[in-house]
Amino acid sequence: MRNTDKFGPVSLPISIIFWLAFTIHVTLADNYVPTEKILLSCGGPPVTTDTDGRKWTTDVGSKYLSASGNSKISIAATQDPSVLEVPYMNARVFNSNFTYSVPVVAGRKFVRLYFYPASYAGLNPSDGVFSVTARPYTLLNNFSAVQTAEAINFAFLVKEYSINVDGATLDISFAPSAKVPKAYAFVNGIEIVSMPDIYNSSYSPTGEMLTIVGQNSPFTIDNTTALENVYRLNVGGNDISPSQDTGLYRSWSDDFAYLYGAALGVSYSADQSMKIQYPPGMPSYVAPQDVYATARSMGPNPQININYNLTWIFSVNSGFYYLVRLHFCEIQLNITQVNQRVFNIFLYNQTADPRVDVVAWALHENGGAGNGDGVPVYRDYLVLVPNGSPQQNLWLALHPDQSHLPNYYDAILNGIEIFKVNDTNGNLAGLNPIPAPKQDVIDPTRARTSSGDGKTKNQKAIVIGVVSGGIFFVLVIGLFLIATSCCRHGKDSSGRDVPCGWHQELGLGRGFTKNPCRRFSFAEINAATKNFDNNLLLGVGVLDRTLPEEQVSLAEWATHCHKIGILDQIIDPYLKGKIAPECFKWFAKIAMRCVADQGIDRPCMDEVLWNLEFSLQLQGSAEESGEGIGGMHIEEEPFVPHKWEKDPDASPTFDGHRGPFSREVTRQQLNGGLLSTWNF
């Protein structure tokens, strides 16, 4: 009482105290507080800080080192520009078996191993072939860091595992390969973080048994199970660094590199007024708010959406089960009720979950209280990738479900986590990936010999023809892509090979990236064409003066046919009856934009490629469904350029924002030739 009187009116200090208590409670609830958080810089300085603000301590003189083991420390001989100083520039090298023994509290741990395959102590990086075990599990077997890094085109690697420790010590052992004469092992960094058992199959928010996709057989993930994280993606959002995670120090990458083909969908963020509220039975450290506050959907056009799957491709080792966790949260302001957006989930070409309604899930987990938007949910799926080639593609695809006539034919996804599950022998190790073949070097001497004079004039004619004949270029490339789709026809419907003509952007997990396209310099092109030799020109002339006057210019003639609605009448006879109308219509629109009178109305090459690949996907969908193939006559819509200006008073768009659409929506509208707003 004496302290209360001292502060005067009682209501103010008590309210402040309760507010502070609530704030502290929320802060502690948001992040998991690990019992152990060990960051070992192997062979590094006493204390270093990485770019994420985390402090690493050296293993030199550490109690974790094996007393009987033989090892040495070394600095990397070279540093790739993409490689961070901490923890990658120092390593501990082992010429014989060596074990780190780390005292821990019993329970599940994240174990992360960091590798930078450079030369250490004068050793050949190619001889760095070794195995790693964490009893009783084999994490890596005859692992070549240099081969793996070369195969996935990345300079450094991070291997993450979730392991349950029964005793008081976690032993991590390195063993040089017996199959390589001068083999050695090395490691740059070791991270051990205690974690809640959030991937246990009994941890399901619905209480349902985890079953194998396509088999409905139960599968158990418990304390005897070890997991290797192979992918963790913030779908539709940016990278999330370990320090921005929920106390588990996981890294989340953006999903763009894993999207299939040109069908990118639409990425967007939650409106500022949207609050992410975790349901009562779901700890907030399952995934950070940043994962649920961003998403990717198929886009605002239902006619486009029902003709394609929003698809991601993940390269994985054969012969293992994979735990796939998908994170969902409806963050668009106009989707709050059941049966507004319903879709199907496919994994490895099998139906994993039909008629998914995120709002319905959210309402169920919230006990029916409130709306279904802004509520995170997740679901786990178990996929078997059988033995076969060493690497296979695990496909994840979403497609609108129309059976109950939802308001929007669309799908949504916020996050993806994929884990490899140990086999019956406790093994998690797969084969080393095979690097892609080296690019061939252009040999100008293999080109055909030039005949005749006037190279300078011919060079100018070729350049002028290419510029003025953009329509021909698009027609040739586009029809080639469409024709190559025939390679899909007649194959097994479950075909897991990527269709011909498609560009893949694949990765293999954390620390991995897609292989870049081969870029040719002007000097290389000039050498390969022998200074633009006319004899090396492929295809037909853009101008043919032997034809009637109105047909002399292919570009002008095609534009004329498009305007009067008979463009389909001048295509190659071989392709007639084989092109789906929607494919041809989409293709024609981008072709017409390529020859627009004003340069500002013409698309960039990235946009051209996007549209051509999307046309091919429309063709593939039509072939698979058996609809839309045959005789056709399309009433073409002339291209009318529109300039778009932001309307400050615009109503909220489909992606939940005022004003302009996100980049992908704008692209989707522009690709149609007209910039318009769809009403649902």
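Residues numbered from 1 in each chain as written. Predicted model: local features only at pLDDT ≥ 70, side-chain atom pairs only at ≥ 80, totals over all residues. Heavy atoms only, no water.

Undergrad: Help me understand the overall build of the protein chain in this model?
TA: On a plain count of helices and strands, the protein chain comes out with 14 helices and 25 strands. Out of the 680 residues belonging to the protein chain, those deemed buried represent 50%. Long-range pairs, those at least 24 residues apart, make up 77% of the contacts in the protein chain between residues at least 6 apart in sequence. Accessible area for the protein chain stands at about 32700 Å²; split by element, carbon and sulfur atoms hold 54% of it. (Helix = DSSP H or I, 4+ residues; strand = E, 2+ residues; numbered from the N terminus. Buried < 20%, exposed > 50% of the residue type's maximum accessible area, 1.4 Å probe, protein only. Contact = heavy atoms within 4.5 Å. Areas by Shrake-Rupley, 256 points an atom, 1.4 Å probe, with all protein chains shown as cover.)

Undergrad: Could you clarify how one ought to interpret the packing of aromatic side chains in this entry?
TA: Describing an aromatic ring pair means giving the distance of the ring centres and the angle of the ring planes. Taken as a whole, this structure holds 29 aromatic pairs when the rule is applied. Both rings, one in Tyr 120 and one in Phe 186, keep their centres 5.5 Å apart while their planes meet at 35 degrees; by these two values the pair is tilted. Here Tyr 120, found in the loop between strand S7 (107-115) and strand S8 (129-134), pairs with Phe 186, found in strand S12 (residues 185-187); they are 66 residues apart in sequence, far enough to count as distant. By relative accessible area, which is 0% here, Tyr 120 ends up buried. For Phe 186, a relative accessible area of 2% corresponds to the buried category. Ring plane angle 85 degrees and centroid distance 5.4 Å describe the contact between Tyr 231 and Tyr 258, whose orientation is recorded as edge-to-face. Separated by 27 residues along the polypeptide, Tyr 231 in strand S14 (residues 227-234) and Tyr 258 in the loop between strand S15 (253-254) and strand S16 (266-269) bring together distant segments of the chain. With a relative accessible area of 1%, Tyr 231 lands in the buried category. A relative accessible area of 4% means that Tyr 258 is categorised as buried. (Phe/Tyr/Trp six-rings, centres within 6.5 Å; stacked < 30°, edge-to-face > 60°.)

Undergrad: How should helix H13 (residues 605-625) be read in this particular structure?
TA: With 21 residues, H13 extends 30 Å between its outermost C-alpha atoms, agreeing within 8% with the 30 Å of an ideal straight helix rising 1.5 Å per residue. Summarising burial for H13: 15 of the 21 residues are buried, a large majority. (Expected span 1.5 Å × (residues − 1).)

Undergrad: So what exactly am I meant to see when it comes to the pairing of strand S13 (residues 189-194) here?
TA: If a strand is regular, its side chains alternate between the two faces of the sheet. Burial within S13 is extensive, with six of its six residues counted as buried. Of the two faces of S13, the one lined by Gly 189, Glu 191 and Val 193 and the one lined by Ile 190, Ile 192 and Ser 194 are each fully buried. Strand direction decides the pairing type here: strand S1 (residues 37-41) and S13, joined by five bridges, are antiparallel. Across the sheet, the residue bridging to Ile 38 is Ile 192, located in S13. (Pairing = 2+ DSSP bridges.)

Undergrad: How do you make sense of the nonpolar core when you look at a structure like this?
TA: Here is a general trend for soluble globular proteins: nonpolar side chains tend to be buried in one another's company. Membership of the largest hydrophobic core comes to 81 residues, with the highest contact counts inside it found for Trp 312, Phe 314, Ile 345, Leu 396 and Ile 416. With residues up to four places along the chain from it excluded, the contact list for Ile 416 reads Tyr 231, Arg 232, Leu 233, Val 235, Trp 252, Trp 312, Phe 314, Arg 325, Leu 326, His 327 and Leu 396. Formed by 53 residues, the second largest nonpolar core is a distinct cluster that contains Val 104, Tyr 116, Ala 134 and Ala 185. (Core = buried A, V, L, I, M, F, W, Y, C linked by side-chain atoms within 4.5 Å.)

Undergrad: Please explain the environment of Ile 570 as it appears in this structure.
TA: Residue position: Ile 570 is located in the loop between helix H11 (554-563) and helix H12 (581-594). Sequence-wise, Ile 570 and Trp 557 are 13 residues apart; in three dimensions their C-alpha atoms are separated by 9.6 Å. Those residues in contact with Ile 570, other than ones at most four positions away along the chain, are Trp 557, Ala 558 and Cys 561.

Undergrad: Looking at this model, I keep getting lost on the sheet that holds S12. Mind explaining?
TA: Each strand in a sheet pairs with another by means of backbone hydrogen bonds, the pair being arranged parallel or else antiparallel. Strand order in the open sheet formed by three strands is S4-S5-S12, with antiparallel pairing between adjacent strands. Two strands close off the open sheet at either side, each with one partner strand: strand S4 (71-75) and S12. Averaged over all neighbouring strand pairs, the angle between strand axes comes to 30 degrees, with direction disregarded. Two strands pair when backbone bridges link them, and strand S5 (residues 90-94) and S12 are joined in this way by three bridges, in the antiparallel orientation. What sits directly across from Arg 92, in S12, is Val 187. (Axes fitted to C-alpha atoms, helices over the stretch in contact; angles between N-to-C directions.)

Undergrad: I keep staring at unusual backbone geometry and nothing clicks. Help me out?
TA: Glycine aside, residues mostly have negative phi, and peptide bonds are mostly found in the trans state. A cis geometry characterises the amide bond from Val 86 onward to Pro 87, with omega recorded as 5 degrees. Among the structural elements, Pro 87 can be located in helix H3 (residues 85-88). Residue Arg 135 is joined to Pro 136 through a cis peptide bond whose omega torsion reads 5 degrees. Of note, the phi angle at Ala 121 is positive, near 55 degrees, even though the residue is not glycine. Along the chain, Ala 121 turns up in the loop between S7 and S8. If you check the backbone angles, Arg 355 has positive phi at about 50 degrees while not being a glycine. Locating Arg 355 in the fold gives a position in strand S21 (residues 350-356). Judged by its relative accessible area of 47%, Arg 355 is partly exposed.

Undergrad: In this structure, what is going on with the side chain of Ser 41? I would like to understand it.
TA: Here Ser 41 is to be found in strand S1. Discounting residues that sit within four places of it in the chain, Ser 41 has contacts with Thr 48, Trp 56, Thr 57, Thr 58, Asp 59 and Asn 188.

Undergrad: Help me understand the confidence of the model for the protein chain in this model?
TA: One rule of thumb: low pLDDT means the predicted coordinates there are not for detailed reading. The pLDDT averaged across the protein chain works out to 78; a share of 71% of its residues lies at or above 70. Confidence drops under pLDDT 50 across residues 1-29; counting only partners more than four residues distant or on other chains, this segment forms four contacts. pLDDT under 50 marks residues 631-680. Its contacts with residues more than four places away, or in other chains, come to 108 contacts. (pLDDT = per-residue confidence, 0-100.)

Undergrad: Would you mind going over the packing of H12 against H13 with me for this structure?
TA: Helices that pack against each other are described as a pair by the angle of their axes relative to one another and the distance between those axes. Close contact between H12 and H13 brings their axes to 8 Å; oriented N to C, the two are set at 165 degrees. The pairing of H12 with H13 is recorded here as roughly antiparallel in orientation. Crossing of H12 over H13 shows left-handed handedness. Listed contacts from H13 to Glu 582, Cys 583, Trp 586, Phe 587, Ile 590, Arg 593 and Cys 594 of H12 are Glu 607, Val 608, Trp 610, Asn 611, Leu 612, Phe 614, Ser 615, Leu 618 and Gln 619. Looking at the contact of H12 with H13 residue by residue, the classes come out as ten nonpolar, three polar and three charged. (Parallel < 35°, antiparallel > 145°, perpendicular 65-115°, else oblique. Left-handed = near helix turned anticlockwise from the far one by under 90°. Nonpolar A, V, L, I, M, F, W, Y, C, P; charged D, E, K, R; others polar.)

Undergrad: What is the right way to look at the sheet that holds strand S20 (residues 343-347) in this model?
TA: Read across the open sheet, the four strands follow the order S18-S23-S20-S21; overall the sheet is antiparallel. Strands with a single pairing partner mark the edges of an open sheet, and in this sheet they are strand S18 (310-317) and S21. Ignoring which end each strand starts from, the neighbouring axes of this sheet average 15 degrees apart. As paired elements, S20 and strand S23 (residues 391-400) share five bridges and run antiparallel to each other.

Undergrad: Sorry, what's going on with the pattern of salt bridges here?
TA: As a working rule, side chains carrying opposite charge can pair if their charged atoms are close by. Across all of its chains, the model carries 19 salt bridges by this definition. Of the charged contacts, one joins Arg 341 and Glu 330 as a salt bridge, the two residues approaching to 2.6 Å between their closest N and O atoms. Taken together, the positions of Arg 341 in the loop between strand S19 (320-328) and S20 and Glu 330 in the loop between S19 and S20 put the pair eleven residues apart, joining distant regions of the chain. Residues Arg 341 and Glu 330 agree in their burial class; the two are buried. Through salt bridges that share partners, Asp 50, Arg 54, Arg 112, Glu 160, Glu 191, Arg 232, Asp 245, Arg 250 and Glu 417 make up one connected network. (Salt bridge = Lys/Arg side-chain N within 4 Å of Asp/Glu carboxyl O.)

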